[in-house]
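Given next are the chains, with one letter for each unit.
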Amino acid sequence: MKAKTIGASLSVVAGLLMSMAAGAQEPGITEKSIKIGIFGPLSGPNMAYGFDVVNAAKMYYDKINKEGGIHGRKIEYVVEDDRCNANDLVAAVKKLVEQEQVFMLNGGSCSAAVVAAKDYVVRNKVPYLMLNASGDGALYPPTDYIFGAFSISQYAVGGAMVEFAAKSLNAKTIGYINHDDAYGAWNLEGSQADAATNGVKLAVESVSPSINDVTAPFLKLRAANPDVLLIVTYARPAALLVKKAAELGYNKPIILSVTGTASLSQLVENVGKPALKNFYIQEVMVDSPGGEKLKPIYDMYKAAYPDLAAKPDHPQTYMPYGIPSAMSLVKALQDAGPNPTREKVLEALKKQDFDSGVMAGRMKFGPEERAANKSTIFIKYDGTTMTPQPGVFTSRWTYKAK
Amino acid sequence: MDLQLALIFLQQGIASGLVSGSVYALLALAIVIIFKTSEVPNFAQGEVFMAAGYIALYLFVFQQMPIWVVLPATLVAAFLAMALFRRIVLDQVAKSAKDLVYLVIATLGLSYVLKGLVRRTGFGDTPRSFPALVPTDSVMIGQASVTVLDLTILGTALAVMAAFFWMFNYTKIGRAMRAVGMNPKAAQLVGVDLGRCHMLIWGLSGVISAIAALLISPKILMTADMGSIVMLAFAAAIVGGFSSLPGAVVGGFVIGIVENLVGLFISSRAIVLAPFLAILLVLVIRPQGLFGGKLTIKKV
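Residues numbered from 1 in each chain as written. Chains lettered and ligands numbered in written order. Predicted model: local features only at pLDDT ≥ 70, side-chain atom pairs only at ≥ 80, totals over all residues. Heavy atoms only, no water.

### Comments concerning the overall build of chain B
At step 1: When its secondary structure is counted, chain B shows eleven helices and two strands.
At step 2: Taken from N to C terminus, the helices and strands of chain B fall in the order α-α-α-α-β-β-α-α-α-α-α-α-α.
At step 3: The C-alpha atoms of chain B give a radius of gyration of 19 Å, which matches the 19 Å a tight globule of 300 residues would have.
At step 4: Across its three principal directions, the C-alpha atoms of chain B cover 65 × 50 × 35 Å.
At step 5: Counting only residues that meet the buried cut, chain B has 52% of its 300 residues in that class.
At step 6: Taking contacts inside chain B between residues at least 6 apart in sequence as the whole, the part at least 24 apart equals 74%.
At step 7: When the accessible area of chain B is evaluated, it comes to approximately 13800 Å², of which 70% is carbon and sulfur surface. (Helix = DSSP H or I, 4+ residues; strand = E, 2+ residues; numbered from the N terminus. Rg over C-alpha atoms; globule rule 2.2 N^0.38 Å. Buried < 20%, exposed > 50% of the residue type's maximum accessible area, 1.4 Å probe, protein only. Contact = heavy atoms within 4.5 Å. Areas by Shrake-Rupley, 256 points an atom, 1.4 Å probe, with all protein chains shown as cover.)

As structure tokens, this is what we get:
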């Protein structure tokens, strides 16, 4: 009897010790706080893609903290500048994981750069939620650790654009211009899936992101006599193409992908209003930037950053994109329960399905699904007025193991 | 591709190529005049071009200064920056290290400094357009569409090149510069002030770069990385023959036209490769470039 009691006591003690040891192995978790690492471009030529997105994520975490935190723990965040550069981004991730000992990561605004962190994150088994990067190359093939495309994946960007062109603008032939890199290839793969389903012909031109003279690709697209022109590039080549279209008297609809709309006011300044006579922009949010449905987010920004809000061009176009990824992180931590571990959080993420109220589609993951949002809306834009077009357009692209 | 379309592509390719080529030619000219007199390939030429563009943008758009102030102010700033760089930095480097490679490294240093300075101002973080000073309405030349701005770019570039050729061939200072290029010691012996001549040459190369920036900035959108266009100017200089001023000009036009024709007749993806293919072709057929002199072998 005595031996049994001693054995039971020892088992309890051993169990307690083991659970304490397990708790101690989780970095970034204390009784009162959960430490997370945020990174994005806070400087450099691509800061418009992420500076205010980081601000949005921070203000959402601050809001959660004011409301009592997660199971009694406050979110403590550490922010690093990745400049949208692969080397800087990997350095930021390593610093956050190894030096700052964060529990999980929430960052990245540029698709090509975030892919560079994939191997490190997977090797170190750190839960990583992208900020607003699509990072399709890091999302597929799916891993247990990387979740993203809270704004939208590049596969879905291209596919949803083709859907809109075919269904709303009755396009039979689409002129399609993308970058000649991995980012452009993801776009094109999504577009081809939807073009095949809609029986639409794609005339494709791929250009270097650093192109200076877009005359040749534009003339080749025009020679294909497209009903609609889709521009799926970053802001600079996009502006050059819109300008060239106006210069050469092209007057059919032009649709600009969300990746090319970093600053709409600057776009107008660069191309001039007459170039935007028949012009549509893709938007992955539930409403146009600053629209009625997004008013609470913009009000939150004004309260959190009064100095920035007073400056022209702030908040930047992509600001609200930071909210859904922060929501997803908070929700995963809540669902993981009062004693979160990285593995519990990852399991919670795989089952996540919620409406952010910010983006056009639901945030939904699954066993093989790592891109949260696949839906977009479209807005007619004449340089002054934004007119949201009816409907939400969703890409058909899904991951298939090769 | 039918014949009619091929003809349109050919005409448009040549017209657009002449416009962009004129800017490559100006930058190539700036590179070659320095190389001929200092034997230094100036790797900061692109950043000088970029920084001059941003000075003009700052004065004209952000300070709302009249254009008749902005243009000379930009040219003077470019001249002074390059002349002083030659006088203060390169002369010092040349004194402490005899090897030319250190001068090349100093120009690389200047390129990083200029790019860093523009980024620090914040202006280089967003692609911007320098307002066109002439209309951008289209005009048809044959079946090619160009704008009034395009014609202005080409015309101005040709005028600037002609002015520089005239100066080099018919003025006292131009002859002095050529003499320095041919034999610096002999030039010094006949009374040419080498230091002053080098400052003038570097200053003039800054002015040419600034003119190129003012011409092309309304078309290509300005970023802190816009100086990378200098790679095409180097390509133009190599194609033309690195020591030949007319070669630099012809090389610029060749690169501009080849870029467009390759994009139109082969693939848009191949546009970035076109200049390097042109270099390879020229080097295989005529290693000294189209206008380079006879090949000489230096004993070392």
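Back to the text.
### Here we look at the interface of chain B and chain A
At step 1: On the chain A side, the residues contacting the 32 residues of chain B number 27 residues.
At step 2: Between chain B and chain A lies a buried interface of about 2500 Å² when both sides are counted; carbon and sulfur atoms form 55% of it.
At step 3: Counting across the chain B and chain A interface gives zero salt bridges.
At step 4: Our count for the contact surface shared by chain B and chain A stands at ten residue pairs in polar contact (both at pLDDT 80 or more).
At step 5: Looking at the side of chain B that touches chain A, the elements with two or more residues in it are helix H1 (3–38), strand E2 (144–147), helix H8 (194–220) and helix H10 (245–265) of chain B.
At step 6: No other element matches H1(B), which puts five residues into the side of chain B that touches chain A. (Buried area = accessible area lost by both parts, 1.4 Å probe. Salt bridge = Lys/Arg side-chain N within 4 Å of Asp/Glu carboxyl O. Polar contact = N/O pair within 3.5 Å; in protein donor to acceptor, adjacent residues only side chain to side chain.)

### Notes on helix H11 (residues 274–285) of chain B
At step 1: Under the 1.5 Å per step criterion, the end-to-end length of H11(B) is 17 Å for twelve residues, consistent within 8% with the ideal 16 Å.
At step 2: In this fold, the buried residues of H11(B) make contact with helix H9 (230–240) and H10 of chain B. (Expected span 1.5 Å × (residues − 1).)

### A short note on the confidence of the model for chain B
At step 1: When pLDDT is averaged along chain B, the result is 90; 97% of the residues meet or exceed 70.
At step 2: At the level of chain-chain contacts, confidence expressed as ipTM amounts to 0.86, with global pTM at 0.85. (pLDDT = per-residue confidence, 0-100.)

### Regarding unusual backbone geometry
Residue and element names in this part refer to chain A.
At step 1: With omega at -10°, the peptide bond leading from Tyr140 into Pro141 counts as cis.
At step 2: Mapped onto the secondary structure, Pro141 falls in the loop between helix H6 (136–139) and strand E5 (146–147).
At step 3: Positive phi, normally seen in glycine, also occurs at Gln101, with a value near 55°.
At step 4: Structurally, the position occupied by Gln101 is in the loop between helix H3 (86–99) and strand E3 (104–107).
At step 5: A relative accessible area of 40% places Gln101 in the partly exposed class.
At step 6: Notably, Ala149 is not glycine yet its phi reads approximately 50°, a positive angle.
At step 7: Given the relative accessible area of 0%, Ala149 is considered buried.

### Points about the sheet that holds E5(A)
Residues and elements named next belong to chain A.
At step 1: Across the sheet, five strands lie side by side as E2-E1-E3-E4-E5; this open sheet has parallel pairing. The strands lining the two open edges of the sheet, one partner per strand, are strand E2 (74–81) and E5.
At step 2: Note: strand E4 (residues 128–130) against E5, two bridges, orientation parallel. When the sheet's bridge partners are listed, Tyr128 is paired in E5 with Ile146.
At step 3: Each of strand E1 (33–40), E2 and E3 touches helix H2 (residues 51–66); the most contacted strand, E2, lies at about 165° to it.
At step 4: Sheet contacts for helix H14 (residues 322–335): E1, E2, E3 and E4; angle to E3, the most-contacted strand, approximately 165°. (Pairing = 2+ DSSP bridges. Axes fitted to C-alpha atoms, helices over the stretch in contact; angles between N-to-C directions.)

### Describing helix H5 (residues 148–170) of chain B
At step 1: The end-to-end C-alpha separation of H5(B) is 32 Å, in line with the 33 Å expected for 23 residues at 1.5 Å each.
At step 2: Against the buried residues of H5(B) lie helix H10 (235–247) of chain A together with H1, E2, helix H6 (172–182), H8 and H10 of chain B.

### Looking at the state of the cysteines
Residues and elements named next belong to chain A.
At step 1: Tallied over the full model, the rule gives one disulfide over all chains.
At step 2: Here Cys84 pairs with Cys110 through a disulfide, and the sulfurs are 1.8 Å apart. The S-S bond linking Cys84 to Cys110 shows a torsion near 70°; that makes this disulfide right-handed. A residue pair is termed long-range when its members are at least 10 positions apart, and Cys84 in the loop between E2 and H3 and Cys110 in the loop between E3 and helix H4 (111–115) qualify at 26 residues. (Disulfide = S-S within 2.5 Å.)

### Description of the pairing of E2(B)
Every regular strand shows the same layout, with side chains that alternate between the two sheet faces.
Residue and element names in this part refer to chain B.
At step 1: Judged by which residues are buried, E2 turns out to be covered on both faces: Ala144 and Val146 on one side and Ser145 and Thr147 on the other are all buried.
At step 2: Here strand E1 (residues 138–141) runs beside E2; their pairing, made up of four bridges, is antiparallel. Bridge assignment links Met140 to a residue of E2, and that residue is Ser145.
At step 3: Between E1 and E2, which pair antiparallel in sequence order, lie two residues; one of them, Gly142, sits at a positive phi of approximately 65°.

### Examining the environment of A:Lys277
At step 1: Relative to the helices and strands, A:Lys277 is located in the loop between helix H11 (264–271) and strand E10 (279–283).
At step 2: Residues A:Lys277 and A:Pro338 lie 61 residues apart in sequence; the distance between their C-alpha atoms is 55 Å.

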